[in-house]
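Overview (structure and organization)
Okay, here's what each chain looks like letter by letter:
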Amino acid sequence: MASSGAAANLWVLLGLGIAGVLLAARKLRRPARPDHGAFIARLELLPPPPPPPPQAPHPLTGLCFAIADALHVSGYITSFGSLEWAKTHDAETQTSPVVSALVDGGAVCVGKTVIDEMAYSIHGENKHFDTPINPAAPDRVPGGCSSGSAVAVAGGMVDFALDSTSEPKTGYIITAGIDSIGGVRIPGAYCGVLAFRPSHAVVSSGGVIPVAPSLDTIGWFARDPSVLRCVGHLLLRLNYADIRPPRHFYIADDCFELSKIPARRLTQVVTKSVEKLFGRQVTRVNLENYLASKISSLRNYSNGHKDGDSKFPSLLALCNAMRSLHKHEFKDQHMEWVTSVKPAVDARIVSNLSEEGDSDIDGCQDVRNKARLALGALLKDDGILVIPTALGCPPKLNAKELSSESYNSQTLCLSSLASMSGCCQVSIPLGTHDKCPVSVSFIARHGCDRFLLDTIQTMYATMQEQAEILAKSNVSSKQAMNEEVAEAAKEKGNAAFKEKQWQKAVNFYTEAIKLNGKVATYYSNRAAAFLELTSYRQAEADCTSAIDLDPKIVKAYLRRGTAREMMGYYKEAVEDFSHALVLEPMNKTAGVAIDRLKKLFPARPDNGRRR
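An unreviewed UniProt entry lists the protein under the name Outer envelope protein 64, chloroplastic, with Panicum miliaceum as the source organism.

Looking only at helices and strands, the protein features 21 helices and 11 strands. A buried classification covers 53% of the 611 residues belonging to the protein. Long-range contacts, defined here as pairs at least 24 residues apart, represent 74% of the contacts in the protein between residues at least 6 apart. For the protein, the accessible area works out to roughly 27900 Å², and carbon and sulfur atoms hold 53% of it.

Further remarks concern empty space enclosed by the protein. For the coordinates displayed, the defined rule picks out 2 cavities of 30 Å³ or more. Contributing to the lining of the largest cavity are 13 residues, with Ile261, Ala390, Gly392, Val438 and Ser439 lying nearest its centre. Looking at the lining of the largest cavity, the elements that each hand over two or more residues are helix 5 (185-191) and strand 11 (436-444). Counting residues per element, the lining of the largest cavity draws most heavily on strand 11, at 3 residues. Looking at the lining of the largest cavity residue by residue, the class counts come to 9 nonpolar, 4 polar and no charged.

The next thing to look at is the packing of helix 17 (residues 520-532) against helix 18 (residues 536-549). The N-to-C vectors of helix 17 and helix 18 enclose an angle of 165°; their axes lie 8 Å apart at closest approach. Comparing their axes, helix 18 and helix 17 come out roughly antiparallel. Classified by chirality, the crossing of helix 18 by helix 17 is left-handed. Residues Ala520, Tyr523, Ser524, Arg526, Ala527, Phe530 and Leu531 of helix 17 form the contact with helix 18, whose participating residues are Tyr536, Gln538, Ala539, Asp542, Cys543, Ser545, Ala546 and Leu549. By residue class, the composition of the contact of helix 17 with helix 18 is 10 nonpolar, 3 polar and 2 charged.

Turning next to the sheet that holds strand 8 (residues 283-285). Strand order in the open sheet formed by 11 strands is 1-3-2-4-6-5-10-11-9-7-8, with mixed pairing between adjacent strands. Looking at which strands have only one partner, the edges of the open sheet turn out to be strand 1 (39-45) and strand 8. Each strand axis lies, on average, 25° off the axis of its neighbour in the sheet, ignoring direction. Pairing analysis gives 3 bridges linking strand 7 (residues 248-252) to strand 8, with the strands arranged parallel. Note that in strand 8 the partner of Tyr250 across the bridge is Thr283.

Any two packed helices are characterised by the angle at which their axes cross and by the distance between the axes. Remark: helix 18 packs on helix 19 (residues 554-566), axes separated minimally by 9 Å, with the N-to-C direction vectors making an angle of 150°. As summarised for this structure, helix 18 and helix 19 are arranged roughly antiparallel, according to the angle between their axes. When the axes of helix 18 and helix 19 are compared, the crossing they make is left-handed. From helix 18, Tyr536, Ala539, Glu540, Cys543, Thr544, Ala546 and Ile547 reach across to helix 19, where they touch Ala556, Tyr557, Arg559, Arg560, Ala563, Arg564 and Met566. Residues belonging to the contact of helix 18 with helix 19 are distributed by class as follows: 9 nonpolar, 1 polar and 4 charged.

Rules behind the numbers
- Residues numbered from 1 in each chain as written.
- Predicted model: local features only at pLDDT ≥ 70, side-chain atom pairs only at ≥ 80, totals over all residues.
- Heavy atoms only, no water.
- Helix = DSSP H or I, 4+ residues; strand = E, 2+ residues; numbered from the N terminus.
- Buried < 20%, exposed > 50% of the residue type's maximum accessible area, 1.4 Å probe, protein only.
- Contact = heavy atoms within 4.5 Å.
- Areas by Shrake-Rupley, 256 points an atom, 1.4 Å probe, with all protein chains shown as cover.
- 1 Å grid on protein atoms, 1.4 Å probe; cavity = no way out; pocket = protein on both sides within 12 Å on 5 of 7 lines; lining within 4 Å.
- Points joined across faces, edges and corners; volume = space filled by probe spheres on them.
- Nonpolar A, V, L, I, M, F, W, Y, C, P; charged D, E, K, R; others polar.
- Axes fitted to C-alpha atoms, helices over the stretch in contact; angles between N-to-C directions.
- Parallel < 35°, antiparallel > 145°, perpendicular 65-115°, else oblique.
- Left-handed = near helix turned anticlockwise from the far one by under 90°.
- Pairing = 2+ DSSP bridges.

The structure is reproduced here in structure tokens:
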């Protein structure tokens, strides 16, 4: 019995050994992936000869590019991220106008890149062509749907397709991808490269397999802002003009609450860059409240929220409307093929498409139109909205988040702002957090693509500089946390003030000051609440503290002037209002107050001076 047991164990060990050898051999037989698995096909489309001097060369001369495999190239089958699709479709007879424009502009097209199956997901996984390797974080997903395009830029691998007879390129590379619900922005953020989603319908969608036409755009990636801008001017057919500086930056604090990365890690880079370049302060906004006030029909799309999601009902409702529109239009475009061919489509896609209870599509379109009007009214022609591009670090391969409804909804909340409004958006890498790329996004109103591209061109170097300074700073984590909590307390104070809960506002502003007593706005805001409570002495003291911290804070001069007027110190009040008028010559409040007070001087023997 013992000998037979030993023999059995020997055979088990021998079997395990053979299996190990076979697995090792299989691993060794796997093809090398010098391009990080970004490409599904190599090709070479050469530009026309350069014009003779003194004519200027083509604008993209020296660049090479790749395209997501949803864009057509004549003579090639567009696989749409699926081998099943490729088997049932013929080679294309025409090339996408976007591809032709880039080639005619002087760039060399070197290949087609992997996308999520049927461009449907946002993670970058593909069972047909394998998941491209994220060069910035190899153990994490690259993001989708245009995963291969982002990977090609991040890894600098596009020029590998050129044969030995081709001239070497400069190393600047661009790729084009499709973005419906985040397909360019999310992989740009996950792979740490610039990613631009243009305004809806400003770039030709001809020669591209549609996903959801109301949401689809053709975006592009680059590692250099000047290249990103150059491509934009060519595809958008823009003339170069004087750069128009932005006047307003709105940081959506509630969107940064969704982020898994400390908000200060991202927002301070923007704040410092804006102050350094433009001498302006950023404005904090609550996008949740703003959308609720502008798009009343959002309440129709709040069904299905979990208890933990109730903090952002309007953002999640906008996301729900986008997902309903995306699913409906995708089914309208491709369900006939799915039904007739019965391909082995990813189970998650099938499950999503088979769900019942589609929302009213006319209602979704109404939300879409109102979202464009709402963001247009906020941003006008010179405003930038700042949000996180994604929730944080890219999820690890095969992580639970990839199939988490809550995680996907929150991620899509952020991308729904531009997708539903049709606004243009750019994702900007800002270094790393926990060894993974992090980014913020700038959004400009629909049609302001040139303005947004110019803004990135102006700010990119400074933002990278500030990101590096912040990463190397010696600010303690406790201090950073205090600053973040203080800012949150100030926002709570602002909300209480708007609701005319003056004492509650004072309490929140006091909490902010205790946590971070070096912010002039906290004192000035508390002074405003004290004025409403007729606590004029405290208001005057707070304004003085604010002015000591920031001598250019106009609101503090106005509020101190008001406090002093109410206490009968007319002369000093006039001095405060006059100072405000020097800082803002068109300030009507200061001008009216000065005229009113000067009429009171003759009636007082002490001329309104403080005794």
